[in-house]
Amino acid sequence: MSLDLVAAGTVAAMVAVATLRAATPIVFASLGGLISELAGCINVALEGVMLVAAFAGVITSAYSGLWFPDAPLWLHPWLGCAAGLLAGTALAGLLAVFHLELGADLIVAGIGLNILAQGLTVLLMAHLTGDKGSTASLTSFALPNLRWPELGDVPVLGALLNGDGGAGHNVLVYGALAATGLIAWTLRHTVFGLRLRAAGENAEAALAAGLAVKRLRYAGLLLSGLLASGGGVFLGMGYLTLFQADMAAGRGYLALAAVFLGGRRPLGTVVAALVFGGATVIAARLGLLAVPAEVVFMIPPLVTIAALVLVKQHQRLAARRRAAAGRATLLSS
Amino acid sequence: MTPSREGARIALAVGAALALGFAIMACVSDQPWAALRALLTGPLPSIERAVDGRVVVHRLVRFGAWLQDATTLTLVGLAIAIPFRARQFSLGADGQLFMGALAAAVVSLGVGDVPAAIALPLAFLAAAAAGAAWGLVAGLLKTRFEANEIVTTLMLNVVAVQVYRLVVGRVLNDPTAGFITTPPLPDAATLAPLIARTTVTAMVLVAPAAVAAALFLLRRTTLGYEIDLAGANPWFAVRAGVPVARATVLAFALGGAFAGLAGFHVSNALLKRLPIDLTPGIGLEGIVVALLARGRVGALPLAALGYAYLRVGAQAMERATDVPREVVLVIQALIILFVVSDRLAPLALGLARRTGARVRARIGGRAA
């Protein structure tokens, strides 16, 4: 292998690594959005779920260090992770109760819960730390990184697996990849996945077939909360090691866009989430050049809008081509 | 539901949200009662009789803040409520407001030395046009490309804020100001306060006029009827020959025009110059206002007054006590959740028994 090729490969690997890292929270949240959408009640509160999960994770890991000073050091981040997942899932559960039991409009209630999460996290943060901006004054923990030191010398692959400076990838980056496979498989190959999709596709038919539609929708919303919480915990305990006000920064809504963009399919959704992650990486790289920061910040939203438009155009052209092909077959027969 | 029942339901929801908000305040504060008092009486001016018998009015500033906040909220409420008539969840009032404010400032600074009779209407129209154009984009994305409007309007908000910062920071920047801002807008293009020592201007009258205009448009014109039909049953509307796509796009644009006027209010009445760090977010507050009005355009000013009262009270509370104003975000969220939960109020009111059978039937029906 020539040296040029290795160098180019290493750069490509670095970009891929950065993209994966930036996309991990969106991947988690978009999988959550997908599963709720397929169950027929899309979770608009992904943003709030991520915020609450990140907050609960960071605060719990910090306080577990204060409360249990004798506990082994590796335990604190995992306690935080568990608390984050629990809190985020609970928020999604709240959405489920408001929508399924109390008849609240799904979208409006979702937006309401996002506002609730935004207010509550800042309120509690100000109460606990006296700071409304971030929890920088607390010592919180990050989830561990996985490294493959024995592969460090292998060109390209070493850079891909061990990342910048050989620090490895956060365990939740692998978690996102695993969740993608797991969700894709569950939706396609399990009875639960089939029933969930049936409940979303045609609730009356599913009900007539004897499925517990309401329970399935509870499951869809709770699962979406669990998945999005994974993204939130990554934000607070991997991407950064603290909680910031409004930390999710629109990623929950980007995740919703990814679901539509990906044609409501697991792989498409994850690819769309990776595209959004890549857009932020490109924006960050451009920021190093002389491009004004304002223009850089416009890139991710413009990419999102452009992607939504392009996918629709593509689908339309494909449909037209199919129709033309159908006509041709009819005429020739 | 009858209007009075509906009103009672909303009052109940707001009361419950306030009670829960107070419970949270009691958890995070050492002085919850003082905080609650500040929250509930903050916006009112205090009227005292001085020693020499004259009547002295204190704290007019906050009273003015209440009225001008209600003005902004009414306008952004319209920006949410009109697309909602066509069943579109536009969250784009923020971006439209920024574009409106920017356009108003650019025109005000650009027209040069002209009398107010020319400068003011020009800036006013520029703001409305810019907001409408920004709304139009979201509408076209929705009708031409079926792009989900929640996502596109939020993305367009980000773009608008960045365009605003680009223009204010790099084109209109006044180097003598000491912070990054546009030069002060010329006097001819700004509105003078109606009440001394406050920022209440003629815009406080424009807001109800805008509501009246919107009401007229929705109730008395073909376009308004088409927008309502497109929202009520788009399938039927298409079959009946109603141009649903056009009505939807125009609903977005109309909403945008009102948000643009809110931007005019911010730039030419409140601040009279535009700082680069104008805070986004007021546009989203329009959702609460539109919800409190239950989509009734005529009820928007009342809802805006009520909600602005709460917001200004929260600022007073933050200054007077140790409770951060974010508690209002929580109360706001609870109001949203309680107001949209159709089945919550009957349960809470103890009507559950009387309507029990019907509610049970509806739960079964909704699950389907």
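So, how was this worked out
Here the residue numbers are simple positions, counted from 1 along each chain's written sequence. Think of it this way: whatever chain is written first is A, whatever ligand is written first is 1, and the rest follow in order. The predicted origin of the model limits local features to residues at a pLDDT of at least 70 and limits the giving and counting of side-chain atom pairs to 80 or more, whereas totals for whole chains, interfaces and linings rest on all residues. The basis for the side-chain values is all heavy atoms of the structure; hydrogens and waters are excluded. UniProt positions are given in the numbering used here, feature names are shortened, and annotations may be inferred rather than shown by experiment. In summary, the pairing rule links any two rings of Phe, Tyr or Trp, Trp by its six-membered ring, whose centres are within 6.5 Å, and it sorts them by plane angle into stacked for under 30 degrees, edge-to-face for over 60 and tilted for everything else. Each helix is a run of H or I in the DSSP string that is no shorter than four residues. Each strand is a run of E no shorter than two, and both are numbered from the N terminus. Any residue under 20% of the maximum accessible area for its type is buried, any over 50% is exposed, and the rest in between are partly exposed; the area is computed with a 1.4 Å probe on protein chains only. The criterion for a charge sitting over a ring is simple: Lys NZ or Arg CZ within 6 Å of the ring centre, and within 35 degrees of the ring normal. Pairs of residues are marked as contacts when any of their non-hydrogen atoms sit within 4.5 Å. Put simply, buried area is how much 1.4 Å-probe accessible surface two parts lose in total, over both of them, once they are put together. For this analysis, a salt bridge means a side-chain nitrogen from Lys or Arg found within 4 Å of a carboxyl oxygen belonging to Asp or Glu. Any residue that is not Ala, Val, Leu, Ile, Met, Phe, Trp, Tyr, Cys, Pro, Asp, Glu, Lys or Arg is counted as polar, Gly included; the first ten are nonpolar and the last four charged. Whenever a helix is involved, its axis is fitted only over the stretch in contact; in every case the axis is a line through C-alpha atoms, and angles between N-to-C directions fall within 0 to 180 degrees. Roughly parallel means an angle under 35 degrees; roughly antiparallel, over 145; roughly perpendicular, 65 to 115; everything else is oblique. Domain ranges listed in this record stem from an automatic or a database domain assignment.

As recorded by an unreviewed UniProt entry, chain B carries the name Simple sugar transport system permease protein and is attributed to Nitrospirillum amazonense. Its UniProt record gives chain B the following Subcellular location (unreviewed entry) comment, quoted word for word: "Cell membrane".

Per an unreviewed UniProt entry, chain A is named Nucleoside ABC transporter membrane protein, and its organism is Nitrospirillum amazonense. According to UniProt, the comment filed for chain A under the heading Subcellular location (unreviewed entry) is "Cell membrane".

Chemist: Could you give an account of the packing of aromatic side chains, naming the residues involved and the relevant values?
Modeler: All chains considered together, the criterion is met by 10 aromatic pairs over all chains. Judged by centre distance (6.5 Å) and plane angle (40°), the ring pair of Phe98 of chain A and Phe338 of chain B falls under tilted. Of this pair, Phe98 of chain A sits in helix α3 (residues 75-101) while Phe338 of chain B is found in helix α13 (residues 327-340), placing the two residues in two different chains. A relative accessible area of 9% places Phe98 of chain A in the buried class. Between Phe234 of chain A and Tyr239 of chain A, the ring centres sit 6.0 Å apart and the planes meet at 50°, which makes this aromatic pair tilted. The exposure class assigned to Phe234 of chain A is buried, which follows from its relative accessible area of 0%. Grouped by ring-pair contacts, the aromatic residues Phe63, Trp66 and Tyr309 of chain B constitute a single cluster. Positioned above the aromatic ring of Tyr239 of chain A is the side chain of Arg251 of chain A, whose terminal nitrogen or guanidinium carbon lies 5.5 Å from the ring centre.

Chemist: For the interface of chain A and chain B, give the residues involved together with the corresponding values.
Modeler: Counting residues at the interface gives 50 residues for chain A, matched by 50 residues for chain B. With both sides pooled, the region where chain A packs onto chain B buries about 4,200 Å², and carbon together with sulfur makes up 77% of that total. Interface area lost by chain A to chain B is led by Leu102, Leu123 and Glu294 of chain A, which between them contribute 15%. Taken together, chain A and chain B are joined by 3 salt bridges. Measuring nitrogen to oxygen at the nearest pair gives 3.3 Å for the salt bridge that ties Arg170 of chain B to Glu294 of chain A. Among the elements of the structure, α3, α4 (106-129), α8 (203-208), α9 (213-239), α10 (251-261) and α12 (293-332) of chain A are those that each provide at least two residues to the side of chain A that touches chain B. Top contributing element to the side of chain A that touches chain B by residue count: α4 of chain A, with 16 residues. The class makeup of the residues in the side of chain A that touches chain B is 34 nonpolar, 7 polar and 9 charged.

Chemist: Residues and numbers for the packing of helix α1 (residues 3-38) of chain A against α9 of chain A, please.
Modeler: Residue and element names in this part refer to chain A. Across the interface, α1 lies against α9 with an axial gap of 7 Å and an inter-helix angle of 170°. Put simply, α1 runs roughly antiparallel to α9. Here α1 contributes Arg21, Ala22, Thr24, Pro25, Phe28, Ala29, Leu31, Gly32, Ile35 and Ser36 to the contact with α9, which in turn contributes Gly220, Leu221, Leu223, Ser224, Leu227, Ala228, Gly230, Gly231, Phe234, Leu235, Gly238 and Tyr239.

Chemist: Lay out the domain arrangement of chain B with the relevant residues and their values.
Modeler: Residue and element names in this part refer to chain B. Along its sequence, chain B is carved into domain 1 (1-29 + 324-368) and domain 2 (59-322). On a C-alpha basis, the centroid separation for the pair domain 1 and domain 2 is 29 Å. Tallying the contact residues gives 20 residues for domain 1 and 14 residues for domain 2. Taken together, both faces of the contact between domain 1 and domain 2 bury some 1,500 Å²; the carbon and sulfur share is 65%. Contact with domain 2 buries area across many residues of domain 1, yet Arg325, Val328 and Gln332 alone supply 33% of it, more than any other trio. At the surface where domain 1 touches domain 2, the tally comes to 0 salt bridges. Elements that contribute at least two residues to the side of domain 1 that touches domain 2 include exactly α1 (3-28) and α13. In the side of domain 1 that touches domain 2, the residues fall into 13 nonpolar, 2 polar and 5 charged.

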